[in-house]
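So you can see what is in the structure, the chains are spelled out below.
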Amino acid sequence: MSLTVPPGRVLGLTGPSASGKSSLARILTGLRPPEAGTVVVDDLPVSTRRGRMDGRLGLLHQSPGAATDPRMPLRRIIAEPFAARGRSRAAETADRTAELARRVGLTPDLLDRYPDQVSAGQLQRACVARALAAAPAYLVCDEPTAMLDAASTATVAHLLSGLAAEGVGVLAISHDHALLRAWADEVVDLGDLAD
Amino acid sequence: MSEPVPDPTSPTSSDPLDSQTALGTPDTRDTHHAVTGPSADAVPSPAVARPRRRRAVRILPAATLAALVAYAVLVPWWAGTQTADFARALLPPGPGQWFGTDHSGYDLFVRSAEGLRVSLLVALVCAVVATVLGVAVGAVAATAGGRVDRLLMRTTDGVNALPHLLIGVVIVALYPGSLPAIIASIALTHWPQIARVVRAEMLSVRSSEYVEAAYLWGASRGQVLGRHLLPAALPQALVGLVMLVPHAVWHESTLSFLGLGLSPDEASLGTLLEVARGDVFTGAWWTLAAPAGVLVATTLSVAGLTRALDGGRPGRRRGRGPDPLPVTLPPDGDTSPDSVPPLVRVRSLTLRLPTDDGRWVHAATELDLDLRAGELTALVGESGSGKSTLASALCGLSPAGTRSSGSVVVDGREMSGADERAWRALRGRTIGLAAQSGAGTFTPVRRVGPQIAEVVSALGTEETVPELLERVGLEADAAELFPHELSGGMAVRAVTAAALAGRPRGLLADEPTAGLDPELAAQVLRLLRRVADSGTAVLVITHDLQALETTEVADHMAVMYAGRIVERGPARRVLSEPEHPYSRALTAALPAHGLHPLPGMPPELTDPPADPSLTDRTGATDVVGG
């Protein structure tokens, strides 16, 4: 199968449960090697250099609880990509973290809490903020709203649309046709992709 | 009703930690609540001794160990250098010499302190060296993986298979009386357990999604190790270290007792035991009792400390602060003129849950709700609006320390303030709960069918597993599956089957559609509708408005926001023409209605607004109106 994610748009990918959508998300981000074929990002294949990935791709997971370190407060979770790239000073990191938190609507008092002390919707906002901090060129979202209520779903969808408007290519994988119809610029079905 | 009016302020669970209720004499209760009745659930006072004992378990070992360390450090310093005085040899314990004297006339009180100091020092160095070695090996094995991992773990197995004492004897025999040799002989044989624990913990964290995400934004292996793997494994390693200390004390004492350890000039406890061997036969029991007693006390206190470290984590929720509940009276009699009383009637129910930092979560405030036979009521609202807390309260399963007021009448019986036994008679039989966690409700190691059969036999009904499975739309051979083999939709059905096993007259389904795709969610809701049509009162707690709108299964709908029910009415009306601004915003957030995000976030339930409206939502996103 082949699939092209355009930059600056939300591409919806749908398919029935257990049709390999999550595996596809991992292959697309380079976490799992494909059996055959290649994943190319902006004309360069996805690869690792000296054990590091290049950070052009991001992945937003289905369950925010599983995708955050339970031993870190939200503030550290959001700032993690800054620390991993190790180029900014503490004050600058704090400023940018606060800015990202404000952008996704997390109040400052929430930033000192641990993942088990906030709701799934609040934690997924923190995951979106973390994805923004990593500043990927393409963001693969694997059922980003499956664990969320209607209100949080709408918020996360709009945050991701905002990201697409800034030029990031967003691939939204979901089994929720109604959501993708309302949210994505274009929807493709996994079953139609095989060739 | 002829039964006494129950105390409306009693917590639904009789937790002994809830000091105010558990300890409360009628007088102290009256000072807090103007209205109290004869208390039906007075907790007998012995129950309050439990928390105190639990605290003692945590403090006693630490205090004993601190006393022993002070003894080992201060006594030799205070006594100074001792000289042999054969005139005072082998005196029994007495006022001048508390632990007696040995055959050289040394005071055993001082000698034991010196011995303990040496023993503890050796043991601590051994434990630290072994732990550092174990963490290093475990971390390298878990991070490198592949061939390095296999090589290191086989080495670990090999070292673990060696007889520790024999290795110790061989090493110490090669370097007699050498302190580094003793330390090496113990440390080099005791790191494998720690390496195994550290590796196992790190492997589970390494496969987590947050480590996946970290690699994606370009984190190196070292960064992942330092930021995620080590913080996860270190608490375990610390427990291992503490457990190693008494072990190393004994190990070193054994070597010294065998005459292979330290010389009598720098005596450890083991050396003292060895020296005492000859004197015991002449009747001087104290020469053995003094060092042995100190040794046993040290071991016991460290072992107790380990237990406290391991099991004494915080997380026990206890409310402090002032009593959060205003005085409220449950209304007398039925305020609604309906002829058929509802199965469950909730009036003015207020629930306050304690937080760790002494504040109160206002999970429910002044709730009114009726559940009637044959009707399906949907309770909707955002996550964290208090929906699940209400479901727990309706089954008498509120968390420990919860304060409640108001009235919950189930099947004509007032249940607020009822004790565990009264609730147990209702659970499963009158009210069934299909909990939120789906497959997590079942024991993972056994097949589903027998587990449902167990529920049936526990509740003593005539149901059979095949009939129950058929009612929830599962094939009969689903009974042969293990919980992890169930898909999300099947898990919800199986949980519902278990909840129906007692032929309950009311069914509470907590988020039955969470994580299901729209097709499956609709099927599950239709199943619950069939349950209601068979004469059961059904409460569906969900945030899935979309599925409710598509399937139109609900008769009544209540919208919950910030712990209050802000709107209720016929489901069709609430969905199509919501009146409260929050209900309107919630329906507008649905994909079919334009996916409009709500402004900000719901207010904190620890500090809820007095009058909930959309204007009190905290924070703001850039996406509003986008």
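Residues numbered from 1 in each chain as written. Chains lettered and ligands numbered in written order. Predicted model: local features only at pLDDT ≥ 70, side-chain atom pairs only at ≥ 80, totals over all residues. Heavy atoms only, no water.

An unreviewed UniProt entry annotates chain B as Dipeptide/oligopeptide/nickel ABC transporter permease/ATP-binding protein of Nocardiopsis eucommiae.

A.B. asks: I tried to follow the overall build of chain A on my own but got confused; where do I start?
C.D. replies: Per the secondary structure count, chain A includes seven helices and nine strands. The buried share of chain A, taken over its 195 residues, is 53%. Considering only intrachain contacts with a sequence separation of at least 6, the fraction spanning at least 24 residues in chain A is 76%. (Helix = DSSP H or I, 4+ residues; strand = E, 2+ residues; numbered from the N terminus. Buried < 20%, exposed > 50% of the residue type's maximum accessible area, 1.4 Å probe, protein only. Contact = heavy atoms within 4.5 Å.)

A.B. asks: I would appreciate a short explanation of the overall build of chain B in the present structure.
C.D. replies: The secondary structure content of chain B amounts to 20 helices and 10 strands. For chain B, the residues scored as buried account for 51% of the 626 residues in total. Of the contacts formed within chain B by residues at least 6 apart in sequence, a portion of 70% connects residues at least 24 apart. Accessible surface, chain B: about 28,100 Å² in total, of which carbon and sulfur atoms supply 60%. (Areas by Shrake-Rupley, 256 points an atom, 1.4 Å probe, with all protein chains shown as cover.)

A.B. asks: What is the right way to look at the sheet that holds strand S9 (residues 186-189) of chain A in this model?
C.D. replies: Pairing between sheet strands relies on hydrogen bonds along the backbone, with the strands arranged either parallel or antiparallel. Residues and elements named next belong to chain A. On the basis of which strands lie adjacent, the open sheet formed by five strands has the order S6-S7-S8-S1-S9 and parallel pairing. Where the open sheet ends on each side, the last strands, each with one partner, are strand S6 (57-60) and S9. Looking at each pair of strands side by side, their axes are set apart by 20° on average, direction ignored. Relative to strand S8 (residues 169-173), strand S1 (residues 10-14) is paired through four bridges, and the arrangement is parallel. Within S8, the residue paired with Leu 13 across the bridge is Ile 173. Along the sheet, helix H1 (residues 21-28) contacts S1, S6, strand S7 (138-142) and S8; its crossing angle with S7, the most-contacted strand, is approximately 160°. (Pairing = 2+ DSSP bridges. Axes fitted to C-alpha atoms, helices over the stretch in contact; angles between N-to-C directions.)

A.B. asks: What is the right way to look at the pattern of salt bridges in this model?
C.D. replies: Side chains bearing opposite charge may pair, as long as their charged atoms lie close to each other. Applying the stated criterion to the full structure yields 24 salt bridges over all chains. The partner of B:Arg427 in a salt bridge is B:Glu420, with the nearest N and O atoms 3.1 Å apart. The class of B:Glu420 is partly exposed, set by a relative accessible area of 32%. Counted as one network, the salt bridges with shared partners bring together A:Arg26, B:Glu209 and B:Glu212. (Salt bridge = Lys/Arg side-chain N within 4 Å of Asp/Glu carboxyl O.)

A.B. asks: What am I meant to see in the packing of aromatic side chains here?
C.D. replies: The relative placement of two aromatic rings is captured by the distance of their centres and the angle of their planes. All names here are of chain B. Under the counting rule described, the total for this entry stands at five aromatic pairs over all chains. With a centroid separation of 4.1 Å and an interplanar angle of 20°, the aromatic rings of Tyr 561 and Tyr 582 are classed as stacked. Taken together, the residues span a long stretch of sequence, with Tyr 561 in strand S9 (residues 556-561) and Tyr 582 in helix H20 (residues 581-588) at a distance of 21 residues. In this structure, Tyr 561 and Tyr 582 share a single accessibility class: buried. (Phe/Tyr/Trp six-rings, centres within 6.5 Å; stacked < 30°, edge-to-face > 60°.)

A.B. asks: Which parts of the structure should I look at to understand the side chain of A:Thr153?
C.D. replies: Residues and elements named next belong to chain A. In this fold, Thr 153 is placed in helix H5 (residues 150-165). Judged by relative accessible area, Thr 153 falls into the buried class, the value being 10%. For Thr 153, the side chain forms a polar contact with the main-chain oxygen of Asp 149, separated by 2.8 Å. For Thr 153, the residues in contact, after removing those within four places along its chain, are Thr 145, Leu 148 and Leu 179. (Polar contact = N/O pair within 3.5 Å; in protein donor to acceptor, adjacent residues only side chain to side chain.)

A.B. asks: Please explain the interface of chain A and chain B as it appears in this structure.
C.D. replies: Interfaces are often sized by the accessible area lost when the parts come together. In this complex, chain A contributes 56 residues to the contact, which on the side of chain B involves 42 residues. Its largest share of buried area at the contact with chain B, chain A owes to A:Arg71, A:Asp149 and A:His158, together 14% of the area lost on that side. Summed over the shared surface of chain A and chain B, the number is two salt bridges. Across the pair A:Arg26 and B:Glu212 runs a salt bridge, and its minimum N-O distance is 3.1 Å. Here chain A and chain B share seven residue pairs in polar contact (both at pLDDT 80 or more) between them. (Buried area = accessible area lost by both parts, 1.4 Å probe.)

A.B. asks: Just checking my understanding: could you explain the confidence of the model for chain B for this structure?
C.D. replies: Caution applies to low-pLDDT regions: their predicted coordinates should not be interpreted in detail. Residues and elements named next belong to chain B. Taken as a whole, chain B shows an average pLDDT of 79; of its residues, 82% reach a score of 70 or greater. Ignoring residues within four places in sequence, the model shows residues 312-324, a span with pLDDT below 50, making 31 contacts including any to other chains. Note on residues 620-626: pLDDT is under 50 here. Beyond four places in sequence and across chains, it has 17 contacts. (pLDDT = per-residue confidence, 0-100.)

A.B. asks: How should the pairing of S6(A) be read in this particular structure?
C.D. replies: All names here are of chain A. Residues Leu 57 and Leu 59 point to one face of S6 and Gly 58 and Leu 60 to the other, with burial holding for every one of them. Pairing between S6 and S7: four bridges, direction parallel. Bridging from a neighbouring strand, Leu 57 pairs with Tyr 138 of S7.

A.B. asks: How should I be thinking about the packing of helix H8 (residues 209-216) of chain B against helix H9 (residues 221-257) of chain B in this particular structure?
C.D. replies: Working note: a packed helix pair is described by the angle between its axes plus the distance between those axes. Residues and elements named next belong to chain B. Where H8 contacts H9, the two axes come as close as 10 Å, and the packing angle between them is 145°. Where H8 crosses over H9, the handedness of that crossing is right-handed. Two secondary-structure elements touch here, H8 through Tyr 210, Val 211, Ala 214 and Tyr 215 and H9 through Arg 221, Val 224 and His 228. Across the contact of H8 with H9, the residue classes tally to five nonpolar, one polar and one charged. (Left-handed = near helix turned anticlockwise from the far one by under 90°. Nonpolar A, V, L, I, M, F, W, Y, C, P; charged D, E, K, R; others polar.)

A.B. asks: What am I meant to see in the nonpolar core here?
C.D. replies: Nonpolar side chains tend to gather and get buried jointly when the protein is soluble and globular. If you look at the biggest cluster of nonpolar residues, it comprises 103 residues, and the most contacted ones within it are A:Leu106, A:Leu160, A:Trp183, B:Ile452, B:Leu528 and B:Met557. When residues of this core are assigned to their parent elements, the largest contribution, nine residues, is made by H5(A). Counting residues in each nonpolar core, the second largest holds 72 residues, with B:Ala127, B:Val159, B:Val172 and B:Ala248 among its members. (Core = buried A, V, L, I, M, F, W, Y, C linked by side-chain atoms within 4.5 Å.)

A.B. asks: What's the story with the sheet that holds strand S1 (residues 344-354) of chain B in this structure? I'm lost.
C.D. replies: All names here are of chain B. Pairing in this open sheet of four strands is antiparallel, and the strands run S2-S1-S4-S5 from one edge to the other. Unpaired on one side and paired on the other, strand S2 (360-371) and strand S5 (413-414) mark the two borders of the sheet. Across the sheet, helix H12 (residues 387-394) touches S1, S2 and strand S4 (403-410), and the angle it forms with S1 is around 115°.

A.B. asks: Sorry, what's going on with H1(A) here?
C.D. replies: Count 3.6 residues to each turn of an α-helix, and residues three or four apart come out pointing the same way. Every buried residue belonging to H1(A) is among A:Lys21, A:Leu24, A:Ala25, A:Arg26 and A:Leu28, and all of these are buried. Of the residues trailing H1(A), A:Gly30 is marked for its positive phi of about 85°.

A.B. asks: How do you make sense of the environment of B:Gly374 when you look at a structure like this?
C.D. replies: Residues and elements named next belong to chain B. Residue position: Gly 374 is located in the loop between S2 and strand S3 (376-380). In this structure the C-alpha to C-alpha distance between Gly 374 and Arg 505, which are 131 residues apart in sequence, comes to 9.3 Å. Residues in contact with Gly 374, not counting those within four places in the same chain, are Arg 529, Ala 532, Gly 535, Thr 536, Ala 537 and Asp 555.

A.B. asks: Is there a simple way to think about helix H7 (residues 179-206) of chain B in this case?
C.D. replies: Over its 28 residues, H7(B) extends 39 Å from the first C-alpha to the last, a length consistent with the 40 Å expected when each residue adds 1.5 Å. Of the residues flanking the start of H7(B), the one acting as N-cap is B:Ser178, its side-chain oxygen 3.2 Å from the backbone nitrogen of B:Ala181. (Expected span 1.5 Å × (residues − 1).)

A.B. asks: Could you clarify how one ought to interpret unusual backbone geometry in this entry?
C.D. replies: The bulk of non-glycine residues show a negative phi, and the bulk of peptide bonds are trans. Residues and elements named next belong to chain B. With phi around 50°, Glu 552 is a residue other than glycine that occupies positive phi space. Relative to the elements of secondary structure, Glu 552 occurs in the loop between helix H18 (545-551) and S9. With a phi angle near 50°, Ala 562 is a residue other than glycine that sits in the positive phi range. Among the structural elements, Ala 562 can be located in the loop between S9 and strand S10 (564-570).

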